[in-house]
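So you can see what is in the structure, the chains are spelled out below.
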Amino acid sequence: MRCDYSCRSDEHVMNRRGFLGGVAGLGLGAASGLGSLFGRSGAASAAMADQGKQMLVVWLAGGSSQLETWDPKPGTVTGGPFRAIETSVPGVKICELLPGTAKQMHRMALVRGVNTKEDDHGKGHYLMHTGRPQTPGAEHPHLGSIAARFLNPEEGPLPGYIHITPGGGGLGGSEAAILGPKYGALYLGNGQPPNNTGRPLPPEADAARHALRRRMNDRFATRRRTAETDAYTTTYEQALQLMERREVFDVSKEPERDRDRYGSHDFGRHCLLARRLLEAGSTFVQVTHSNYDTHNENFAFHLEQLGEFDQGFSTLLDDLAQRGRLDNTLVVVMSEFGRTPSINYLYGRDHWSAAWSIALAGCGIKGGAVVGKTNDKGTEVVDRQVGAGHLFHTYLKAVGLDAKGDFLVNGRNIQVADPAASPIAELLA
């Protein structure tokens, strides 16, 4: 997605997912990038999957403004033109651009003391998805890939990690890093069903074809099984599952009144799709809303963009609660960083990682909690500063995963989360 008001970094000019092909062509690409694979930890991993815990991440790409969302500073030189409004939690105020979300605050928690010390888009994206800074020669799995490995049942009905994005679709692989491509993301470009998942043959002929393929794969595996052949097999079996569940991706199956509640815009449609996917058994769903990189016209842009966010997100959160799913679903709203308290000459806000906010809700989270505080102008954290590592530990703890556990890779133990960090206890129920 090209945004003329953005900082014109490479990721705003070129969408990497545009290079990814459809499901049918994924085997070779997945196998060629395959690193060390390792199995689950048997009964312990199966027990975690049986708990039915799920995650939903709403990614506000480009860096949303904390001052126009979770930590408003009205009446100050940095505050901008918008007011702060009361929420369903007495004493907790958020920006007036989020009236629907304000009514859900008793189900949410805010972290207002985030300092990630990283103002680069790519590095900030990596940091917030992995809980660790990006360093040469080291790749760590994204939160979605960890959830797919530890929380998704082995015979789950859908891929464990699904990302609904305004960009192109296909299967990713780099997100899983050392976990292997089996736990990479399935990208649904513009919320559309995966490519090449229509049935090319009648059901009987298609079933016979796959039976023959499985027999040939099994015969080959008895003599020459490798990690690459396992990746091919996994890819095809996953594609077959998607073909069988294709209607799950079709939001037109929902009543018109529900589609209207979420909004006619793409983000509302994507939020409704996220609800369908979670109800159908996907373990981790991410929805991206672009593009908050408002170096120009920050206030006009947030006025429009947050109108979409507020309608889609507040409806989704309320639906998850009303349908009894929020207790088992961790919801996180985050960006790669925040925006500067200072307002530039183009009425924009620039990149700012020193003092910003994220929001959480649902599984394992204390509703109404507010952790951290910035000063009157929002320029620095003055109470309970936390970094991306603390957030990552908190996400894992909330869904019952041991952040201090290890991955065994080529004989080395690598801790799941940054050992220098720990969970934010005040957020956890």
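What you are looking at is a predicted structure, and each value in this text was computed from that prediction instead of being measured. (Residues numbered from 1 in each chain as written. Predicted model: local features only at pLDDT ≥ 70, side-chain atom pairs only at ≥ 80, totals over all residues. Heavy atoms only, no water.)

A.B. asks: Lay out the confidence of the model for the protein with the relevant residues and their values.
C.D. replies: A residue-level look at the protein finds 80% of positions with pLDDT of 70 or above and a mean pLDDT of 85. Across residues 13-47 the pLDDT falls below 50, and counting only partners more than four positions away or on other chains, this stretch makes 73 contacts in the model. (pLDDT = per-residue confidence, 0-100. Contact = heavy atoms within 4.5 Å.)

A.B. asks: Please set out the pattern of salt bridges residue by residue, giving values where relevant.
C.D. replies: In total, this model carries 16 salt bridges according to the counting rule given. Notably, a salt bridge pairs arginine 276 with glutamate 254, separated by 2.8 Å at the nearest N-O pair. You can see arginine 276 sitting in helix α10 (residues 266-279) and its partner glutamate 254 sitting in the loop between α8 (227-244) and α9 (256-262), a full 22 residues away along the chain. Residue arginine 276 shares its accessibility class with glutamate 254, and that shared class is buried. Here glutamate 426 and arginine 384 are joined by a salt bridge, their closest N and O atoms 2.6 Å apart. Pair noted here: glutamate 426 is in the segment after β17 (412-415) and arginine 384 is in the loop between β15 (381-383) and α12 (388-398), with a separation of 42 residues, a long-range link. Judged by relative accessible area, arginine 384 falls into the partly exposed class, the value being 31%. Here the salt bridges share partners, and the residues they tie into one network are Glu254, Asp258, Arg261, Arg275, Arg276, Glu279, Asp319 and Arg323. (Salt bridge = Lys/Arg side-chain N within 4 Å of Asp/Glu carboxyl O. Helix = DSSP H or I, 4+ residues; strand = E, 2+ residues; numbered from the N terminus. Buried < 20%, exposed > 50% of the residue type's maximum accessible area, 1.4 Å probe, protein only.)

A.B. asks: Got a sec to walk through the pairing of strand β12 (residues 356-362)? Specific residues and values, please.
C.D. replies: Every regular strand shows the same layout, with side chains that alternate between the two sheet faces. Summarising burial for β12: seven of the seven residues are buried, a large majority. Where strand β9 (residues 329-334) lies against β12, four bridges are found, and the strand directions are antiparallel. When the sheet's bridge partners are listed, valine 333 is paired in β12 with alanine 359. (Pairing = 2+ DSSP bridges.)

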